[in-house]
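# Results of the structural survey
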Amino acid sequence: MDTQRIIALIVFSFSSLLLWEAWQKHNKPPVVPNAPATTQAAGNVAPTANPVVAPGGANAVPTTTLPTAAPVAAIAPTAAAPAASTQRVSVRTDMLDLDFDATGGDIRQAVLRKHFARGDNTKPFTLMQEKAGHYFIAQSGLLGPGLPNHTSKWTLAGSTNQFDLGNNESLSVVFTNADTAGITVNKVFTFTRGSYVVDVRYEIKNDSAAALAPKAYFQFLRDANAPEGESTGSNPFTGIATFTGPAVYTEAKKFQKVAFADIEKNKADHVKDASDGWLAMVQHYFVSAWLPQGVGAREFFTKQVNEKLFSSGVIVPVGTVAANASAVLSMPLYLGPQEQEKLNNLAPGLGLVVDYGWLTVLAYPMFVVLSFINNLVGNWGWTIIIFTILLKLVFFPLNQKSGKSMAHMKTLMPKMEALKARYGDDKMKLNQAMMELYKTEKVNPLGGCLPIIIQIPFFISLYWVLLGAVELRNTPWILWIHDLSTPDPLYILPVIMGVSMFVQTKLNPQPTDPIQAKVMTILPIVFSIMFFFFPSGLVLYWTMQNILGIAQQWYINKTFSPANAKPANTKR
């Protein structure tokens, strides 16, 4: 087997690897459901000796389960969408712009002020909204007879419905419900400067004669469509699409993504009951997550509400609230970008929402190095170039050895042509003769392919880094490259990459078979077209690899001497 066939095999293996990865990660892509609505009551949360929040200073554990008469709507609304609110409440912080429904105390819109819409740096990015085709809101409430949920009427405390953090360090917005005699519930949203975390707190005051054993639920309600500004399809060459949907994390089962299609078919496979963990709604670059604190019983649920909407959330017990006693339960809600370091500090495993594919063990260290370099140079394009140079230096000894092997192979071309002329179409004798030639000349025909094989995992890892790292979203390099996480709009980089690949093939031994020679000539064109669909940052990395490889191979070809490639005592 000669070098060109080996390279063709590598190209085939590389393509197969990408396709296998796509099948592994996304063999069941989310679809917009059209099944009829389903209704399912929430299961009971098992009692625990460590309740999430100690009610009213007491350590009592709920001894009664949720009555079957509890409203199912408190967990999964049966309407296509909650009714339009009669009063809107707006909250502005340095990080978020939020709109609430004063009637149910729901978050109906969330805008991230530090991030912008794809391709428009004047328009802040909208994470949550009530919009046809892009419906996504956050809801919460209490479960128990007479207790308010997100369908109940809440009253906004104060005389204004517009709140601004201003120069303050924190801000609280309070909704109150006292519809049940003797029971007053405050739903308090607290915002902190510099944070994407919203603290959702329930303050329950029980002035009735009977004890309460409430549970609180926290859920997301959204459609199955791709986020606004994101494509519903996948890369036509890799088949890889970014994930949108619920995710559950527990220490026992770790990170579990749940496809909307599986929820629709009632085949959602995730932990239902646990004593730790969190639930998130994941989308490309951003995440919304309910983050129960500490250790305590919790139930995770996912369900289809109707033909367009899905709900997913977590239920936690408040504990027993004795007569004339009070209880408080807090639930952090994260609404923000997938910045891995910050996510890891918020909750165990939360950084896993940043999808680096199955090569996370390689991709995450690459991202750490890239981030370090970017902190020094302040431009992700130059960061990728510097990273490529460093990577080339790390593998320099291996590249040097393989480069000499390629140069040696090139000097053998006349002898290989002579062997081909001698043995004609007798493939078996020709291969035996070539193997003998390789053995005599002390050259490894596979030596020149080793760097290509080694680069493939780094290529795939960097692909996932550029695809998943929000830090690279909307980041420019120079001139026409305004976003390194999207394809080159003018296709200039892929063309340069193709040219560099063509030059590199000319520096390597040329095929003796005319068909193989045509294949090697066409490959740069094929790769250029394929790279039209890859992030421009990745094309920049591959182009730099080619340019550095060209320089190295040219120097080796210029200085290589076959006599120096063999031991001095080698007999001919």
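That block above? That's the structure.
Since the structure is predicted, the reported quantities are computational estimates derived from the model, not experimental observations. (Residues numbered from 1 in each chain as written. Predicted model: local features only at pLDDT ≥ 70, side-chain atom pairs only at ≥ 80, totals over all residues. Heavy atoms only, no water.)

This part takes up the overall build of the protein. A tally of helices and strands in the protein yields 13 helices and 19 strands. Sequence-distant contacts in the protein: of pairs separated by 6 or more residues, those separated by 24 or more amount to 69%. Per element, the accessible surface of the protein, about 25,400 Å² overall, is 60% carbon and sulfur. (Helix = DSSP H or I, 4+ residues; strand = E, 2+ residues; numbered from the N terminus. Contact = heavy atoms within 4.5 Å. Areas by Shrake-Rupley, 256 points an atom, 1.4 Å probe, with all protein chains shown as cover.)

As a further point, take empty space enclosed by the protein. In total, this model carries 7 cavities of 30 Å³ or more according to the counting rule given. Thr242, Phe243, Gln338, Val353 and Asp355 are, among the 15 residues lining the second largest cavity, the residues nearest its centre. Of all the secondary-structure elements, those providing two or more residues to the lining of the second largest cavity are β13 (254-257), β15 (278-283) and α9 (450-468). Top contributing element to the lining of the second largest cavity by residue count: α9, with 3 residues. (1 Å grid on protein atoms, 1.4 Å probe; cavity = no way out; pocket = protein on both sides within 12 Å on 5 of 7 lines; lining within 4 Å. Points joined across faces, edges and corners; volume = space filled by probe spheres on them.)

Let's shift gears to the pairing of strand β4 (residues 120-128). One ladder, built from 5 bridges, connects strand β3 (residues 106-117) with β4; its direction is antiparallel. Bridge pairing in β4 links Leu112 to Phe125. Following β3, the chain reverses through 2 residues before pairing antiparallel with β4; Gly119 in that reversal takes a positive phi of roughly 80 degrees. (Pairing = 2+ DSSP bridges.)

To continue, consider the sheet that holds strand β10 (residues 197-206). Strands sit in the order β6-β8-β9-β10-β19-β16-β15-β12-β13 across an open sheet of 9 strands; the sheet is antiparallel. Each end of this open sheet is capped by a strand with a single partner; those strands are β6 (155-156) and β13. Sheet topology note: the β15/strand β16 (residues 286-290) ladder contains 5 bridges and is antiparallel. Residue pairing across strands places Met281 opposite Ser288, the latter belonging to β16.

On to the pattern of salt bridges, then. By the definition in use, this model includes 13 salt bridges. Across the pair Arg88 and Glu130 runs a salt bridge whose closest N-O atoms are separated by 3.0 Å. Of this pair, Arg88 sits in strand β1 (residues 88-92) while Glu130 sits in the loop between β4 and β5 (136-143), and the two are 42 residues apart along the sequence. Residue classification places Arg88 among the partly exposed positions, given a relative accessible area of 32%. Classification of Glu130 as partly exposed rests on a relative accessible area of 34%. A salt bridge links Arg108 to Asp101; its shortest N-O distance comes to 2.9 Å. (Salt bridge = Lys/Arg side-chain N within 4 Å of Asp/Glu carboxyl O. Buried < 20%, exposed > 50% of the residue type's maximum accessible area, 1.4 Å probe, protein only.)

Another aspect to go through is the nonpolar core. The nonpolar side chains of a soluble globular protein tend to be buried, and buried together. Formed by 118 residues in total, the largest nonpolar core has its most connected members in Leu98, Phe218 and Trp290. Residue contributions to this core peak at 10 residues, all from α9. (Core = buried A, V, L, I, M, F, W, Y, C linked by side-chain atoms within 4.5 Å.)

What follows is about the packing of aromatic side chains. Following the criterion strictly, the structure yields 17 aromatic pairs and no others. Here Tyr491 and Phe532 contribute two aromatic rings whose centre-to-centre distance is 4.6 Å and whose plane-to-plane angle is 45 degrees, an arrangement assigned as tilted. Of the two residues, Tyr491 sits in the loop between α9 and α10 (492-507) while Phe532 sits in the loop between α11 (514-530) and α12 (536-559), which places them 41 residues apart along the sequence. Each residue in the set Phe136, Trp154, Tyr202, Phe218, Phe220 and Trp290 is aromatic and connected to the rest through ring pairs, giving one cluster. The residue whose ring lies beneath Arg222 is Phe136, and the NZ or CZ to ring-centre distance is 5.0 Å. Taking NZ or CZ as reference, Arg473 lies 5.1 Å from the ring centre of Phe125, over its face. (Phe/Tyr/Trp six-rings, centres within 6.5 Å; stacked < 30°, edge-to-face > 60°. Lys NZ or Arg CZ within 6 Å of the ring centre and 35° of its normal.)

Attention now goes to helix α4 (residues 360-377). The terminal C-alpha atoms of α4, which comprises 18 residues, lie 25 Å apart, in line with the 26 Å expected from a rise of 1.5 Å per residue. Just beyond α4, the residue with positive phi is Gly378, at close to 75 degrees. (Expected span 1.5 Å × (residues − 1).)

Here we come to helix α5 (residues 380-394). In this model α5 runs 21 Å from its N-terminal to its C-terminal C-alpha over 15 residues, within 8% of the 21 Å that 1.5 Å per residue would give. Listed in full, the buried residues belonging to α5 are Trp380, Gly381, Thr383, Ile384, Ile385, Phe387, Thr388, Leu391 and Lys392. For α5, the N-terminal capping position is held by Asn379, with its side-chain oxygen 2.8 Å away from the main-chain nitrogen of Gly381. (Polar contact = N/O pair within 3.5 Å; in protein donor to acceptor, adjacent residues only side chain to side chain.)

Where strand β2 (residues 96-101) meets β3, 6 bridges bridge the pair, whose relative direction is antiparallel. Across the sheet, the residue bridging to Asp97 is Val111, located in β3. Here β2 hands over to β3 after 4 residues, with Gly105 in that stretch at a positive phi of 70 degrees.

Let us now look at a nonpolar patch on the surface. There is a patch of nonpolar side chains on the surface, built from Phe372, Leu376, Val377, Trp382, Ile386, Ile389, Leu390 and Leu393 and spanning about 770 Å² of accessible area. For the nonpolar patch, the elements supplying multiple residues, two or more each, are α4 and α5. Among the elements that line the nonpolar patch, the one with the most residues is α5, at 5 residues. (Patch = residues over 30% accessible without salt bridge, like charges linked within 9 Å, V, L, I, M, F, W, Y side chains within 5 Å.)

Geometric values such as these leave the question of function open.
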